[in-house]
Amino acid sequence: DVKVTQSSRYLVKRTGEKVFLECVQDMDHENMFWYRQDPGLGLRLIYFSYDVKMKEKGDIPEGYSVSREKKERFSLILESASTNQTSMYLCASSLGTSGTVTQYFGPGTRLLVL
Amino acid sequence: KNEVEQSPQNLTAQEGEFITINCSYSVGISALHWLQQHPGGGIVSLFMLSSGKKKHGRLIATINIQEKHSSLHITASHPRDSAVYICAGGFQGAQKLVFGQGTRLTINP
C-alpha cells in the first residue's frame, strides 16, 4: 500500500512565525502536491513538484514556498504565517505525469495561526 | 461557475437507502476521480474512470462522456458511509486535478 505521511496532524502557530509542513511518501512517486482545504472552497492546489528540485505553482501559491530535495519528501513553507493561512493542509503523491492516475493523500495537517 | 460542480452539497439519508451523488463538468477531461474524506481529514481515492461504469462493493461510479456527467451510487447505505465525497477532473498530460466542492453525506441509523 502507498503510504503518504505528514509531519503533524495539528499545529498551532503565531502570526509571523515560519512554519514547515513536511510530507513523505514511500512509493517512489515522481509527483507530489500540496493542497489547502477550506469550508465552501474545496481543495485548492498550492504547489506541486514533478521531480526532485522541480516545482510549479498551483492556483494559490502566494505566501507559500516549497522544497523538494529528495524524491520522497516535499515540504511546504509558510515564510511568515498569517491568520488567513489557518486551514487544513493536505499532501498527495502520484506516479506518472497526468491527471489520469490516482493521487494518494496524506492524513492532513490542521493548522491554526493565532 | 466552477468547472466541476457537484450536487447536492449536503445529503442526509436513513440507513439502507440508495444514495446518488452527481458531478457535472464543463471542460474536456480525460478521467473523472471520486474521492472520499472521512471526518478527521484523510482522503481516499475510490474510483478513477474515463468511460462506462466501475463497481467496488456497495459503491458504483458511472460516467457519461457526451453529457459530461458522472454519478456515484451507494447501495444499502450504512452510517459508516458518512463522509464528504469529492469528484475531480483529470487531464491527459497535466498533473493538476480540478475539484468539485464536495458532497457531505450523513447516514442516520
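Below you will find a few notes about this structure. (Residues numbered from 1 in each chain as written. Chains lettered and ligands numbered in written order. Predicted model: local features only at pLDDT ≥ 70, side-chain atom pairs only at ≥ 80, totals over all residues. Heavy atoms only, no water.)

### Examining the interface of chain A and chain B
Right, on to step 1. Between chain A and chain B, the residue contacts involve 25 residues of the former and 22 residues of the latter.
Right, on to step 2. Interface area for chain A against chain B, summed over the two sides, is near 1800 Å², with a carbon-plus-sulfur share of 57%.
Right, on to step 3. Counting every contact that joins chain A to chain B gives 1 salt bridge.
Right, on to step 4. Connecting chain A to chain B are 3 residue pairs in polar contact (both at pLDDT 80 or more).
Right, on to step 5. Looking at which element gives the most residues to the side of chain A that touches chain B, the answer is strand β5 (residues 42-51) of chain A, with 5 residues.
Right, on to step 6. Partitioning the side of chain A that touches chain B into residue classes produces 12 nonpolar, 11 polar and 2 charged. (Contact = heavy atoms within 4.5 Å. Buried area = accessible area lost by both parts, 1.4 Å probe. Salt bridge = Lys/Arg side-chain N within 4 Å of Asp/Glu carboxyl O. Polar contact = N/O pair within 3.5 Å; in protein donor to acceptor, adjacent residues only side chain to side chain. Helix = DSSP H or I, 4+ residues; strand = E, 2+ residues; numbered from the N terminus. Nonpolar A, V, L, I, M, F, W, Y, C, P; charged D, E, K, R; others polar.)

### Concerning the pattern of salt bridges
Right, on to step 1. On inspection of all chains with the given rule, the structure shows 8 salt bridges over all chains.
Right, on to step 2. The partner of Asp59 of chain A in a salt bridge is Lys96 of chain B, and the shortest N-O contact between them spans 2.9 Å. With one member in each of two chains, Asp59 of chain A in the loop between β6 (54-57) and β7 (64-70) and Lys96 of chain B in strand β10 (residues 94-99) form a pair that bridges those chains.

### Thoughts on the environment of Leu49 of chain B
Residues and elements named next belong to chain B.
Right, on to step 1. Relative to the elements of secondary structure, Leu49 occurs in strand β5 (residues 43-49).
Right, on to step 2. Note: C-alpha distance between Leu49 and Gly90 (41 residues apart in sequence) is 9.9 Å.
Right, on to step 3. Those residues within four positions of Leu49 in sequence are excluded, and the remaining contacts are Ala31, Leu32, Trp34, Lys54, Ala61, Thr62 and Ile63.

### Quick word on the sheet that holds strand β3 (residues 19-25) of chain A
Strand pairing in a sheet is mediated by backbone hydrogen bonds. Such pairs are either parallel or antiparallel.
Residues and elements named next belong to chain A.
Right, on to step 1. Read across the open sheet, the 4 strands follow the order β1-β3-β8-β7; overall the sheet is antiparallel. The sheet is open, and its two edges are formed by β1 (4-6) and β7, each paired on a single side. Pairs of neighbouring strands in the sheet enclose a mean axial angle of 20 degrees, with direction left out of account.
Right, on to step 2. Judged from the 6 bridges that link them, β3 and strand β8 (residues 73-78) form a sheet pairing that is antiparallel. If you follow Leu21 over to β8, its bridge partner there is Leu76. (Pairing = 2+ DSSP bridges. Axes fitted to C-alpha atoms, helices over the stretch in contact; angles between N-to-C directions.)

### Some points on the sheet that holds strand β7 (residues 59-64) of chain B
All names here are of chain B.
Right, on to step 1. Taken in spatial order, the 5 strands make up an open sheet running β1-β3-β8-β7-β6, and their pairing is antiparallel. On the outer flanks of this sheet lie β1 (4-7) and β6 (52-56), each paired with one strand and no other. Strand-to-strand, the axes of this sheet are offset by a mean angle of 15 degrees, without reference to chain direction.
Right, on to step 2. As paired strands, β6 and β7 are joined by 5 bridges and run antiparallel to one another.

### A look at the environment of Val4 of chain B
Residues and elements named next belong to chain B.
Right, on to step 1. With respect to the secondary-structure elements, Val4 resides in strand β1.
Right, on to step 2. C-alpha separation for the pair Val4 and Leu59, spaced 55 residues apart in sequence, amounts to 21 Å.
Right, on to step 3. Residues in contact with Val4, not counting those within four places in the same chain, are Cys23, Ser24, Tyr25, Cys87, Gly89, Val98, Phe99 and Gly100.

### Side note on the state of the cysteines
Right, on to step 1. Tallied over the full model, the rule gives 2 disulfides over all chains.
Right, on to step 2. Disulfide pairing is shown between Cys23 of chain A and Cys91 of chain A; the S-S distance is 1.8 Å. Taking the torsion about the S-S bond as the criterion, the Cys23 of chain A to Cys91 of chain A disulfide, at about -75 degrees, is left-handed. Placement of Cys23 of chain A in strand β3 and of Cys91 of chain A in strand β9 (residues 87-94) is noted, with a sequence separation of 68 residues between them. Like Cys23 of chain A, the residue Cys91 of chain A is buried in the burial classification.
Right, on to step 3. With its sulfur 2.0 Å from that of its partner, Cys23 of chain B forms a disulfide with Cys87 of chain B. (Disulfide = S-S within 2.5 Å. Buried < 20%, exposed > 50% of the residue type's maximum accessible area, 1.4 Å probe, protein only.)

These results come straight from atomic positions and should not be treated as a statement about function.
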